[in-house]
Amino acid sequence: MADSLPPVLLEACVVVGAPEDKLGEICQTFNSTGTPEHLPLEPEVLCVLAPPFFSRLPADRKSVRSAGKKRCSFLRKKSKHAGPAAGSPSRGAAAVGRGVSEELIVPRELDLMALPQLCFPGGLQVSKEQKEEQFHFLVFTDVFGNKTHGVVMQCHRPVQDGMNLAPSEPGPGKSCKLFTAYSFCVISKYPYFSALRDCLSCLLLQLKSCRLADVEERVKEFAAKLALVPIPPPGQLHVSFTLRPLDIVLPSQEDKDHPAVDLDLHLPFFCFKPQQLLQVLSCLLQEQRVVLFSADWARLTLVAECFLLYLQPLSWQQPYVPVLARGMLDFLMVPTAFLMGCHLSHYEEVATETDDLVLVNIDNGSVSTSCSDTLHLPEIPPAAADCFTQRCLSLRIHFDLHQCHRASCTDVGEQRAQRRAWQQSLNHQIQRIALELLVNIFRDVGSHLNYEHRVFNSEEFLTTREPAEQLFYRKVLETYIFHSFLKDRLSRKMDRYARMELMTRSEMHKLKAVVEVPRRPTMQEIQARRRSSAAENPLCKRMGTSLPNLELVQNISFQRNPLLTRIFMPESTLRTTPKPVKVFKLPDFPVSLSMHTVQSYYSELILQLGKSIFSTQNENPALLARLYFLRGFVNVLCWRRLDALADFQNLYKTDTAIFPTRLVTWLVESLHRDERQQADRRPELKRLIHKVTTESEKPVAKSDDHVKKFELPRRHLDQDEFVRCVQECRIVKDVATIHRLFDALTDGQKQQVDPELFRVFYTFWKEAEAEAQDVDLPSEVIDHLDNNECVYKLSSCVKTSCGVGIIAMTQKRLLLLPQGRPGFLEITKFRDIQEVKLASAPFLLVRTASLHIQTSSMTKVFEANLKTETELWHLAVKEMWAGRKMADQHKDPQYMTQALTNVLLMDAVVGCLQTPKPVTAASKLAYFDKITLEDPLTVPLTTSETLKHKINPSVDLAEPQTVHVLLYTPGQLTCNDGNNDMNPKLWVALGGGRVVVFDASSWSLLRDCIQVGESQLNCMLGLSHDQVWMGSKDSIIYIIDTVSMSCNQQLTEHRQEVTSLAADPQPQNGSQQAYSCSSDGTILQWDSASLKVRRQFSLRCERLSSIQVHDGALWCCCGDAIIELKKSGAPQRCLKLPDDLRGSRFSCFVLLPERGQLWTGCADSGELCLWHTNHRRPYRRISLASSSGITCMIRVKNQIWVGCRSAGGATPGCDGQQRAQLLVMDPESHAVAKELQAHTDSIQALCSAEDRYVLSGSARRDGKIAIWKVE
């Protein structure tokens, strides 16, 4: 389990040079003839140094040996001039070869076969002149895509008879005045190019000043020191160490999904103009065969790494060899896509002998192909490219200009620190610019994804692109890099791309996310299109339909959102400063390295980390987590397993994102018996070990990361398959609506839908979308309609009582567009309609059906002779009228969008059915018209006046979900990030740990899914402005960061499901105290700053369901009793259920201390019980006739709001289900002040928004949230 061991900087240090026997031959030839004989020199591995360099404790040797090291033999021929055999090297290090057979020990994952060539990519030669040292960089990729990185330093030495390695000064041997090179290659799993180059530079300084006999020891000491350097965990903690004379810093990864950046990302900006940068990025996105060229080997890897970092979070999936040695040029003949690098001297040879290569000359900044001097490949879409170009021109990439106003720095360390800080800031800007480019290119991809079935409708996406962009997207969509990107999008991965895309959404996009609206251009989008078309060609173009697997393809016009044709990205998005980082300085390395001094070094390191942890307590949990991680890492190296586990246990409270699951599992499995016994006596370790053991015993569940390409069905569909296909088409998600559509298409026939019928239906639906995109509305109409209004349906040219013209339908009104004259006539708004009916009208010698609309806005009845369309329009207008009435009555805009969807589905059904009466079949979709006819329900006046709005947290799901918990968090007066963090938020807990977040100022959707564990959440609590605690059925309290919307902290002290959370309004020692309880009766008091348990109580009860804090006392709802506890945990009073309610349970309670009242309710009883807090019996019982049970209660001002479960005799809702009531009680009169009806299922959750509004959430048959005004 080498991958489970703690990460260190050094993987191996390899010395490569010419074999000794060849150098001896050349030296003898030169001494005898005076001219060197040009014998071929093949470099070989002379020495491999790999950790561990010091022996472990005997009991642990076996576990270390099995942790991933193996022996590889590199046998050498014995030299005729061999001296005495070198002493056998210590385990983990191989001495420099002296002509004896040796067995080298190397890491299991390291393949040294190609390393000698790559250390000397231009070949190994002897020369008469000594050359300067040179550096270059390597990247090795295994078959699984894992990368290993190398930094190579080439040094030159005199060739001396009988000597292998020597510094530049003359040695004791006889000099032949020739020089040869040898290389030191430091290999690491982590891309610390700059840091490793600094390390080798320090080694070079030591080698120049040491004696020949000390070279081997200095190199070994150098490698051993690097093996002591831990890799910083992802986050804002960097690690620094001193390697005389330099202080070297290892930057951390920004997050675990992205590599650390330890190079200058602006290097390509020195080599290329923005247009050429875009060309290279376009080639990489299209997975072309790209070859980089430079006369400097070092530039190849650095520039290649920069380009791949620009593509993050997209990950290059193809072969990647940034440095090709002279003998590896045949790699360029492979037929797959690749990214490779060659010396500039091979440019003409490569260009002549290979085809279809993209040649990138780093030295002169040119990009061409092997067939042409210019690049003929699809370019990045111009809107995104122009934005990228403008951003690049604004960069300040010259450090000297940045420093010219400052005094000259006289300290090398200070100068390096200034340069490092400037570089980190510049790297951050460049990464944001590159990320913005990717967001601008792929933003629309999310609109064509079906998350439930993991389907991407690629053909439909392509049809929404501009014709000039389609070839680019078509090539990109076929690549592995895009396929991997799609997997992450369909898995709702919240990476940097997702965060920027979410942060830069328009307000209209956020509002559309609250309701599922059929795709049509709004008036704002039409205006934007017309403004853009004034200087460009019209955007109405005919494109191919999304029928990927059928031969019968018709031309259907689609169009992209014109607001997305131009890039609107706020400047504040890119001007965000990088998060402040802390640099932890490692202790100085021991002067002499031995097992004892290394242990002393680790002890000093643990001591320093402990001091940093102590000083960071209660300040920054993210930084604290990194310090715990480092200390745990060092404890592992010291084999202090229990201390290491304790440190890793603390990550649950600080940041679970960096929890090393595999390492902790390995530690638990390696515990000795006595260690296990000690761990059992420490509760936190016992919990951790139990959790790890339980998780490891579970079968490994394979994650579903497949991506399905959209295809129309080829076989008959039953109802379930039909639901899946319609959802994959992204026509509609709601299962109930799809069931009605299935009934309409089958129309009483065999309960299956023919695939040809589905194809015709789908085609008609897409044609209707296209026609709405191409509608040409007069400017007066566009100015008259609201910005978010869309045209959904158009009639043919018909005769009406107001003249001849076309009838247009939006979600709000009907319009008449007269023929042959400008202007328009507003027929009516749907809310103004009084009557819609069919009547007969004379037409020539017969009477035909016509549509009559009576409206309050017109004195005369509007009449339209729609001919064959009359019945369908009659059905559509009545459905829209009914939807409008219900939306207004219930303050729920989703009714209107559902009615719109029904009307569009009617259109498609009538268009695809070849039956005598298709309108009759389509009438099955007239859902709202039907229920208003069957049950013309009027919302009570009290409900209508009190209800403000309704929202649907399950709008992105196929079926409604139960609203289990609601939490309102107030906004802030100031905001550091300039985002919506200052606005109040509504947190909604649905099933399976899914949390949805709304902006409570506009009720727009901020986050459609934050996954908090996998179990149901029972309670939520807002603490300060940046934390929300959530108690789960899995016994864990999850802590959400309200700024990043991430869940990286957990409290694991409870053993049973967490049922309630409460905050003490009186802080102690400047820190707010919180209480949590679990169903087994455990109550914990928490310090919210340190997340430590201050006290623990335990109640003996059947089930502890909730707690509240009042005047320093704890009130607990315990099944059949309400118990008051003192702060010490001692019971003070107990109120038992009345005898006639025994067998029931208290479900909720509200305490009114100023009145001495306690209000209680039971889930299976329609009674409210009122108690005096000093009496053991209720003094008043209020019967609620319309309720079968009380589910929740809250106090708002001087009112008690009671959520009920509907009774059998309650008033039925719009879908025939019983309505649950929300009652407002007057504590003084004990009477019902208001009786409110808004939900068709029991009310599950209540919360107050600053005593101005009350929000109620219901069970899954309704699944909506009602927002009520408080008087």
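Structural data are supplied above this passage.
The rules behind each value
- Residues numbered from 1 in each chain as written.
- Predicted model: local features only at pLDDT ≥ 70, side-chain atom pairs only at ≥ 80, totals over all residues.
- Heavy atoms only, no water.
- Core = buried A, V, L, I, M, F, W, Y, C linked by side-chain atoms within 4.5 Å.
- Buried < 20%, exposed > 50% of the residue type's maximum accessible area, 1.4 Å probe, protein only.
- Contact = heavy atoms within 4.5 Å.
- Helix = DSSP H or I, 4+ residues; strand = E, 2+ residues; numbered from the N terminus.
- Expected span 1.5 Å × (residues − 1).
- Polar contact = N/O pair within 3.5 Å; in protein donor to acceptor, adjacent residues only side chain to side chain.
- Salt bridge = Lys/Arg side-chain N within 4 Å of Asp/Glu carboxyl O.

This next bit is on the nonpolar core. Core analysis: the largest hydrophobic core is formed by 202 residues, its most contacted members being Phe184, Phe241, Phe442 and Phe648. With residues up to four places along the chain from it excluded, the contact list for Phe442 reads Leu285, Leu314, Val476, Phe482, Phe485 and Tyr497. Ala744, Ile853, Ala864 and Ala908 belong to the second largest nonpolar core, which has 70 residues in total.

Before going further, it helps to examine helix 22 (residues 621–637). With 17 residues, helix 22 extends 24 Å between its outermost C-alpha atoms, agreeing within 8% with the 24 Å of an ideal straight helix rising 1.5 Å per residue. With 15 of 17 residues buried, helix 22 is to be regarded as a mostly interior element. Two or three places before Ala622, at the start of helix 22, stands the capping residue Asn620, its side-chain oxygen 3.1 Å from that residue's backbone nitrogen. Of the residues trailing helix 22, Trp639 is marked for its positive phi of about 60°.

What follows covers the pattern of salt bridges. Here the structure, examined in full by the defined rule, presents 48 salt bridges. Between Arg299 and Asp296 there is a salt bridge, with its nearest N and O atoms 3.8 Å apart. For Asp296, a relative accessible area of 31% gives the class partly exposed. Between Arg492 and Asp1008 there is a salt bridge whose closest N-O contact spans 3.1 Å. Remark: Asp1008 occurs in strand 33 (residues 1004–1011) and Arg492 occurs in the loop between helix 15 (480–490) and helix 16 (496–503); sequence separation between them is 516 residues. The class of Asp1008 is partly exposed, set by a relative accessible area of 25%.

Moving on, we come to unusual backbone geometry. The omega torsion across Pro51 and Pro52 is 5°, close enough to zero to call that bond cis. Assignment of secondary structure puts Pro52 in the loop between strand 2 (44–49) and helix 2 (58–65). Cis geometry marks the peptide bond from Arg244 to Pro245; its omega dihedral reads 10°. The residue Pro245 is located in the loop between strand 9 (237–243) and strand 10 (246–250) in this model. One non-glycine residue with positive phi stands out, namely Glu287, at about 55°. Looking at where Glu287 falls in the secondary structure, it is placed in the loop between helix 7 (274–285) and strand 11 (289–294). By relative accessible area, which is 12% here, Glu287 ends up buried. With a phi angle near 60°, Trp639 is a residue other than glycine that sits in the positive phi range.

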